[in-house]
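Read off the chains here:
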2 protein chains.
Amino acid sequence: MSIYWSKITTELDPYVPGEQPQDKKYIKLNTNENPYPPSPKTLQAMKDAANADLRLYPTPTCDKLRECIARFHGLTKEQVFVGNGSDEVLAMSFMTFFDPGRPILFPDITYSFYPVYAGLFHIYYKLLSLNDDFSIPVEQFLTDNGGVIFPNPNAPTGRYLPLAAIEEIVQKNAKQVVIVDEAYIDFGGQSAAALINKYPNLLVIQTFSKSRSLAGMRIGFALGNKELIEGLERVKNSFNSYTLDRVALAGAIAAFQDKDYFAGSCKRVIATREKTAAALTKLGFTVIPSAANFLFISHSVISAAKLYQLLRDNGILVRYFNKPRIDNFLRVSIGSEEEMDLFIQKTAKIVG
Amino acid sequence: MSIYWSKITTELDPYVPGEQPQDKKYIKLNTNENPYPPSPKTLQAMKDAANADLRLYPTPTCDKLRECIARFHGLTKEQVFVGNGSDEVLAMSFMTFFDPGRPILFPDITYSFYPVYAGLFHIYYKLLSLNDDFSIPVEQFLTDNGGVIFPNPNAPTGRYLPLAAIEEIVQKNAKQVVIVDEAYIDFGGQSAAALINKYPNLLVIQTFSKSRSLAGMRIGFALGNKELIEGLERVKNSFNSYTLDRVALAGAIAAFQDKDYFAGSCKRVIATREKTAAALTKLGFTVIPSAANFLFISHSVISAAKLYQLLRDNGILVRYFNKPRIDNFLRVSIGSEEEMDLFIQKTAKIVG
């Protein structure tokens, strides 16, 4: 506390990122990073961009990157907004589309940054209880509201909502914006980007941090009708005109162009996820069906809190959320095959 | 306009960055970029950072960079906040230290982003008229207010306020935060960072975009007492936990360590500025005394609007602000010696 803080600052309950411990080398299965590096072409493009031109500002409109993303999704540049990680894109979306007043809706178990944004921008919200199997209760999203946001697949559960259900939510909330946060969509889901030309109130947000192995470069984007994108641009240009640096832009363009590498790395992660899920089931775990690059698991005998600590002692970091309904679950990111074999071995010893 | 925009979005009057035209090659003297490239060590550090580790998130606390900046300024890491360009640091400072309610104070002629931030965060403000010579009227900053912000040297005038005057403003506004925006301080001024251990209400903001030739990488920072920095961290962690990417962090650290290159490049810019100012004075221009990497100039015969256009036709871009009191001035960034020789030649022909 400080007498110099604004009222909002005093009231904030900030987001806590997954730990990045420096004390020793861990197998990091706690922040949903991709086990495989960015594509060689992506790294080369970034090395090439580290040149004398860095004395110059980037292009604030990021046209080339936006064209590249648009082409990939069958949209136009005017339907694409880019930002400094999908967290920034989400923050700006809260400012652009949600008003203090009528509450927005999101699930009770979801990305823990949503209530934080709501706090920062004084947006009221109503939590909707996920069903007992952690699936999204579609009918609850059809009540009166000031906006809707949810991840698909959901985090930290990994559960996927089929496109038809998304379409129902978007269609029946025609007067407000529905944000589908697709950070993990490339690991097995179908993107709602396919619905954008049909619904002017749909905003789809994606990131380069997971499926494109660029968590270290902070690049995210939003897809939506051009009025929604224009709104985001207005907010961005009232906050920071140049959010993406030249090296990030070069890397992002190369990553989007290298489609084969992207497809291959997603495929490997999915295969490892399925193998890990099967092994965990055999060990007596409840494994929530996942379309993401992580698994949400619970064991009937050993508590999640205890297992978290024992894995940590064994050099393996996973994510534990000490929150109602999920305090007996762990979120385990999908690492390389070798890492997951070791994770299964250690876990088997602990629960065996 | 869109029915999907929030009330704030509808009311915004966004910042307009200096143009980055793609139609032909210009001599760019319009966005205060450094004519010299980042240091070779800085570029090498960034190339080296473009590696497989980019699959991992950066360290959200940016400790190494903060330590590096702290050492340079004789402060501790807890007195340093870093962000995605000083524009982002400024935006977060508005959120952290200013409340809707009592108006904040800034000059009528200043960085045109301040009223934009105020609009985005619903902060009232009162404009204080600069003196006729564009110097800051210190006594006006000693009235009741909810916070103070001004650049030193001021933009777009380039005028510098000596440290004793800054200290008076900080001292007599002890109950609220005084932000000194030092984007251009390395080109001839003395940083107010020297006052930080004396005044808990002083926040100094600097950038890597000008004196360290890294406009393309988006790195800025704030210096202040640790309570102020803690407030900024709270807001950052409620907006975007990872604002600086791994390549930017590596480049920033190298740039701060390469002190000789930094000093040399500042010295060259200052020498070129003085030479250019002398030549412009000879051509009949009023040249406001500048401690920045730009000059603010006006001619008694040819209007600024006309000169702007004629220079543009000649392949030279400068900045023209169509605003009260300064609509007969041009802001000219200091380029390389060759660029400025050419600028003087072309200008001499136009006004001669």
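Since the structure is predicted, the reported quantities are computational estimates derived from the model, not experimental observations.

## Notes on the packing of helix α2 (residues 40-49) of chain B against helix α8 (residues 246-257) of chain B
All names here are of chain B.
So, point 1. It is the contact of α2 with α8, at a shortest axis distance of 8 Å, that shows an interaxial angle of 155 degrees. When the axes of α2 and α8 are compared, the pair comes out roughly antiparallel. As α2 packs across α8, the resulting crossing turns out to be right-handed. For the pair formed by α2 and α8, the contact residues are K41, T42, A45, M46 and A49 on the first element and R246, V247, A250, G251, A254 and A255 on the second.

## Considerations on the pairing of strand β13 (residues 330-333) of chain A
Residue and element names in this part refer to chain A.
So, point 1. Burial along β13 is two-sided: L330 and V332 and R331 and S333, pointing in opposite directions, are all buried.
So, point 2. Here 4 bridges tie strand β10 (residues 294-299) to β13, and the two strands are oriented antiparallel to one another. Paired with I297 across the bridge in β13 is L330.
So, point 3. Alignment of strand β12 (residues 319-320) against β13, held across 2 bridges, turns out to be antiparallel. The residue bridging Y320 from the neighbouring strand is L330, located in β13.

## Section: the packing of aromatic side chains
For any two aromatic rings, the description comes down to two numbers: the centre-to-centre distance and the angle of the planes.
So, point 1. By the definition in use, this model includes 47 aromatic pairs over all chains.
So, point 2. Arranged with centres 6.5 Å apart and planes meeting at 80 degrees, the rings of F239 of chain A and F121 of chain B form a pair that is edge-to-face. Residue F239 of chain A is located in the loop between α7 (226-236) and α8 (246-257), and its partner F121 of chain B is located in the loop between α5 (114-120) and β4 (125-128); the two belong to separate chains.
So, point 3. Exposure remark for F121 of chain B: the relative accessible area of 13% places this residue in the buried category.
So, point 4. Considering the side-chain rings of F296 of chain A and F329 of chain A, the 4.8 Å spacing of their centres and the 15 degrees angle between planes classify their relative orientation as stacked. Taken together, the positions of F296 of chain A in strand β10 and F329 of chain A in the loop between β12 and β13 put the pair 33 residues apart, joining distant regions of the chain. With respect to class, F296 of chain A is no different from F329 of chain A; both count as buried.

## Concerning the interface of chain A and chain B
So, point 1. Facing the 83 residues of chain A at the interface are 83 residues of chain B.
So, point 2. Across the chain A/chain B interface, buried area totals approximately 6,800 Å², and carbon plus sulfur atoms make up 56% of it.
So, point 3. Across the chain A-chain B interface, the total number found is 0 salt bridges.
So, point 4. Linking chain A with chain B are 47 residue pairs in polar contact (both at pLDDT 80 or more).
So, point 5. Mapped by element, the contributors of at least two residues to the side of chain A that touches chain B are α1 (7-11), α2 (40-49), α4 (85-97), α5 (114-120), α7 and α8 of chain A.
So, point 6. With 7 residues, α4 of chain A is the largest single contributor of residues to the side of chain A that touches chain B.
So, point 7. A per-class count over the side of chain A that touches chain B returns 43 nonpolar, 24 polar and 16 charged.

## A closer look at the relation of the copies chain A and chain B
Each of the two chain copies can be generated from the other by rotation about an axis followed by a shift along it.
So, point 1. Between the two copies, chain A and chain B, the superposition gives an RMSD of 0.0 Å; the rotation angle is 180 degrees and the shift along the axis is 0.0 Å. Here the two chains are linked by the operation of a two-fold rotation axis. Residues of chain A ranked by C-alpha distance from the rotation axis are headed by K47 of chain A, positioned 2.3 Å from it.
So, point 2. Taken together, the interface assignments show that 100% of the residues at the interface of chain A recur at the interface of chain B, consistent with an identical surface on both copies.

## Details of helix α11 (residues 337-351) of chain B
Residues and elements named next belong to chain B.
So, point 1. Taking 1.5 Å of rise per residue, the 15 residues of α11 would be expected to cover 21 Å, and the 21 Å separating its terminal C-alpha atoms lies within 8% of that figure.
So, point 2. Within α11, burial applies to M340, F343, I344 and T347. For α11, the arc enclosing every buried residue in end-on projection is 100 degrees, short of the 170-degree limit, so these residues lie on one face. Turned more than 90 degrees from where α11 packs its buried face, E338, Q345 and K349 sit exposed.
So, point 3. Its buried side turned inward, α11 meets α9 (259-282), β9 (285-287), β10 (294-299), α10 (304-313), β11 (316-317) and β13 (330-333).

## Quick word on the confidence of the model for chain A
So, point 1. The share of residues in chain A with pLDDT of 70 or more is 100%, and the mean pLDDT across the chain is 96.
So, point 2. The complex model carries a pTM of 0.97, and its ipTM stands at 0.96.

## Thoughts on the pairing of strand β2 (residues 80-83) of chain A
Residues and elements named next belong to chain A.
So, point 1. Alternating positions in β2 separate into two faces, V80 and V82 on one and F81 and G83 on the other, with burial throughout.
So, point 2. In the sheet, β2 pairs with strand β8 (residues 220-224) via 4 bridges, with the strands oriented antiparallel. Paired with G83 across the bridge in β8 is G220.

## What about the sheet that holds β10 of chain A?
All names here are of chain A.
So, point 1. Judged by pairing direction, the sheet is antiparallel, and its 4 strands sit side by side in the order β9-β10-β13-β12 without closing on themselves. Looking at strand neighbours, the two that pair on one side only are β9 (285-287) and β12, the edges of this open sheet.
So, point 2. Packing against the sheet, helix α9 (residues 259-282) makes contact with β9 and β10, and its axis sits at approximately 0 degrees to β10.
So, point 3. Here helix α11 (residues 337-351) sits on the sheet and contacts β9, β10 and β13; the angle it forms with β13, its principal contact strand, is near 150 degrees.

## Remarks on the nonpolar core
So, point 1. Formed by 114 residues in total, the largest nonpolar core has its most connected members in L65, F150 and F208 of chain A together with L65, F150 and F208 of chain B.
So, point 2. In contact with F208 of chain A, other than residues within four places in its own chain, are L65, I69, S213, L214, A215, I219, F221, A252, A255 and F256 of chain A.
So, point 3. Counting residues in each nonpolar core, the second largest holds 70 residues, with W5 of chain A together with W5, F106 and I229 of chain B among its members.

## A short note on unusual backbone geometry
All names here are of chain B.
So, point 1. Note the cis peptide between N152 and P153, where omega equals -5 degrees.
So, point 2. Considering the arrangement of structural elements, one finds P153 in the loop between β5 (148-151) and α6 (163-171).
So, point 3. Cis rather than trans, the peptide bond between A155 and P156 has omega equal to 0 degrees.

## As for the environment of E33 of chain B
So, point 1. Tracing the backbone shows E33 of chain B in the loop between β1 (27-28) and α2.
So, point 2. Overall, E33 of chain B belongs to the buried group, its relative accessible area being 5%.
So, point 3. For the pair formed by E33 of chain B and L214 of chain B, sequence separation is 181 residues and the distance between their alpha carbons is 8.6 Å.
So, point 4. Those residues in contact with E33 of chain B, other than ones at most four positions away along the chain, are R55, L56 and Y57 of chain A together with Q20, K28, A215, N293 and I334 of chain B.
So, point 5. Of note is the side chain of E33 of chain B, whose polar atom sits 2.7 Å from the side chain of T31 of chain B.

## Topic: the sheet that holds strand β12 (residues 319-320) of chain B
Residue and element names in this part refer to chain B.
So, point 1. Judged by pairing direction, the sheet is antiparallel, and its 4 strands sit side by side in the order β9-β10-β13-β12 without closing on themselves. Each having just a single partner strand, β9 and β12 make up the two edges of the open sheet.
So, point 2. Set on the sheet, α10 makes contact with β9, β12 and β13; between it and β13 the angle comes to about 35 degrees.

Reading guide: rules and limits
- Position numbers for residues start from 1 in each chain and track the written sequence from start to end.
- Going through the entries in the order they are written, you letter the chains from A and number the ligands from 1.
- Owing to the predicted nature of the model, reporting of local features is limited to residues with pLDDT of at least 70; listing and counting of side-chain atom pairs is limited to 80 or more, with chain, interface and lining totals taken over all residues.
- As a rule here, side-chain values cover all heavy atoms of the structure and leave hydrogens and water aside.
- Helix axes are fitted only over the stretch in contact, all axes being lines through C-alpha atoms; the angle between N-to-C directions runs from 0 to 180 degrees.
- By definition, any uninterrupted DSSP run of H or I lasting at least four residues is a helix, any uninterrupted run of E lasting at least two residues is a strand, and each is numbered from the N terminus.
- Roughly parallel here means an angle under 35 degrees, roughly antiparallel means over 145, roughly perpendicular means 65 to 115, and every remaining angle is called oblique.
- Crossing handedness follows the turn of the near helix against the far one: under a right angle anticlockwise gives a left-handed crossing, and clockwise gives a right-handed one.
- Contacts between residues were defined by any pair of non-hydrogen atoms, one from each residue, lying within 4.5 Å.
- Accessible area is worked out with a 1.4 Å probe on protein chains only. A residue is then buried under 20% of its type maximum, exposed over 50%, and partly exposed in between.
- Here the rule is simple: two strands pair whenever DSSP picks up at least two bridges between them.
- Only Phe, Tyr and Trp rings take part, Trp by its six-membered ring, and two of them pair if their centres are within 6.5 Å. Stacked means planes under 30 degrees apart, edge-to-face means over 60, and tilted covers everything else.
- What gets called buried area is simply the loss in accessible area from a 1.4 Å probe that two parts show on being joined, summed for both.
- Salt bridge criterion: a side-chain nitrogen from Lys or Arg within 4 Å of a carboxyl oxygen from Asp or Glu.
- Whenever two N or O atoms come within 3.5 Å, that pair is a polar contact, provided that in protein one can donate a hydrogen and the other can accept it, and provided that, for residues adjacent in sequence, both atoms are side-chain atoms.
- Lys, Arg, Asp and Glu make up the charged group, whereas Ala, Val, Leu, Ile, Met, Phe, Trp, Tyr, Cys and Pro make up the nonpolar group; the residues left over, Gly among them, are polar.
- The copies were overlaid by least squares, fitting only the C-alpha atoms of residues that reach a pLDDT of 70 or more in each copy.
- In this analysis, the expected span of each helix is defined as 1.5 Å times one less than the number of residues it contains.
- This arc corresponds to the set of directions leading from the helix axis out to the C-beta atoms.
- pLDDT runs from 0 to 100 and stands for how confident the predictor is about each residue.
- To qualify as a nonpolar core, a set must consist of buried Ala, Val, Leu, Ile, Met, Phe, Trp, Tyr and Cys residues joined through side-chain atoms within 4.5 Å.

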